[in-house]
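# An overview of the molecular structure
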Amino acid sequence: MMDIVATARHYYELLGHKDIGLTEVRIMAKDKNVQQEIFISSEDEMLNLLKDLPQDKDIYVGINPRQERKPAEKSDIKKLTMFVLDIDEPKVPPIEIQKFLPDNTVMVSSGSGLHAYISIEPIDIVDVDLATDSRKSLTEHYRHIIVTGGLARKVDHVHDLTRLMRLPGSTNQKNGK
């Protein structure tokens, strides 16, 4: 099994939240209900949180920083640091899909597919609806390339600003991977 603490260190760095906001972390129970919700402000806090958790926990992390210690609504997200694609049932190796994505894309196995993390320089959100619409358009652009190109069966909608993604290496309760 993957070392969740080492993975979390790299994941926190990838998200780009350092010094610009809080990172929402949700630890899920096997019945998919939130068991614990924590808001951290540093990599050290993330590592301390995870080091004592059993390895079989399903852990979700907010991909954009939060400004307050509460579950975010889209108007609470003030900066974008990340764009994510949730690619289901890839038909080719990840390296073949990555050729069609920006150079700074990090591909991660999701258990039954791939998550493509595209880091961006932090952007201040001035208009929440415009930010959401832009992310929808970008998702549609890549969905067209990936699905129409026969690279994967589908690309899920994960464009909402408050999106949480499963921490790589944590247990995917959907399929136990």
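Look up: the structure comes first, before these words.
Quick caveat: nothing in here was measured; it's all calculated off a predicted structure. (Residues numbered from 1 in each chain as written. Predicted model: local features only at pLDDT ≥ 70, side-chain atom pairs only at ≥ 80, totals over all residues. Heavy atoms only, no water.)

### Overview of unusual backbone geometry
Of note, Asp19 is a non-glycine position whose phi angle comes to about 65°, a positive value. The topology assignment puts Asp19 in the loop between helix H1 (4-15) and strand E1 (23-28). Although it is not a glycine, Glu89 adopts a positive phi angle of roughly 50°. Summarising the element assignment, Glu89 is placed in strand E4 (residues 79-90). (Helix = DSSP H or I, 4+ residues; strand = E, 2+ residues; numbered from the N terminus.)

### Side note on the sheet that holds strand E7 (residues 152-156)
Sheet strands line up and pair through hydrogen bonds in the backbone, either parallel or antiparallel. Spatially, E5-E6-E4-E7 is the arrangement adopted by the 4 strands of the open sheet, whose pairing is antiparallel. Of all the strands in the sheet, just strand E5 (105-109) and E7 have a single pairing partner and so form its edges. Going across the sheet, the axis of each strand differs from the next one's by a mean of 25°, ignoring polarity. Alignment of E5 against strand E6 (residues 113-124), held across 5 bridges, turns out to be antiparallel. Across the sheet, residue Val106 finds its bridge partner in E6, namely Tyr117. (Pairing = 2+ DSSP bridges. Axes fitted to C-alpha atoms, helices over the stretch in contact; angles between N-to-C directions.)

### With respect to the pairing of E6
Inspection of the sheet shows E4 paired to E6 by 9 bridges, in the antiparallel sense. Paired with Phe83 across the bridge in E6 is Ile118. Linkage of E5 to E6, two consecutive antiparallel strands, is achieved through a turn of 3 residues, within which Gly111 is found at a positive phi near 105°.

### Observations concerning H1
Relative to the 16 Å expected for 12 residues at 1.5 Å per residue, H1 spans 16 Å between its end C-alpha atoms, a close match to the ideal helical length. Those residues of H1 lying buried are Ile4, Val5, Thr7, Ala8, Tyr11, Tyr12, Leu14 and Leu15. Phi for Gly16, located one or two positions after H1, is positive at around 70°. (Expected span 1.5 Å × (residues − 1). Buried < 20%, exposed > 50% of the residue type's maximum accessible area, 1.4 Å probe, protein only.)

### What about the packing of aromatic side chains?
Scanning the model with the defined rule gives 2 aromatic pairs in all. Ring centres of Tyr11 and Tyr117 lie 5.5 Å apart, and the angle between their planes is 90°; on these two criteria the pair is classed as edge-to-face. Highlighted residues: Tyr11 in helix H1 and Tyr117 in strand E6, separated in sequence by 106 residues. Classification of Tyr11 as buried rests on a relative accessible area of 3%. An angle of 40° between the planes, with centres 6.5 Å apart, marks the rings of Phe83 and Tyr142 as tilted. Of this pair, Phe83 sits in strand E4 while Tyr142 sits in helix H4 (residues 128-148), placing them 59 residues apart in sequence. Each member of the pair, Phe83 as well as Tyr142, is classed as buried. (Phe/Tyr/Trp six-rings, centres within 6.5 Å; stacked < 30°, edge-to-face > 60°.)

### So, the pairing of E4
Judged by how many residues are buried, E4 sits mostly within the fold: 9 of 12 residues are covered. Pairing analysis gives 4 bridges linking E4 to E7, with the strands arranged antiparallel. Its bridge partner being in E7, Ile87 is matched across the sheet by Val155.

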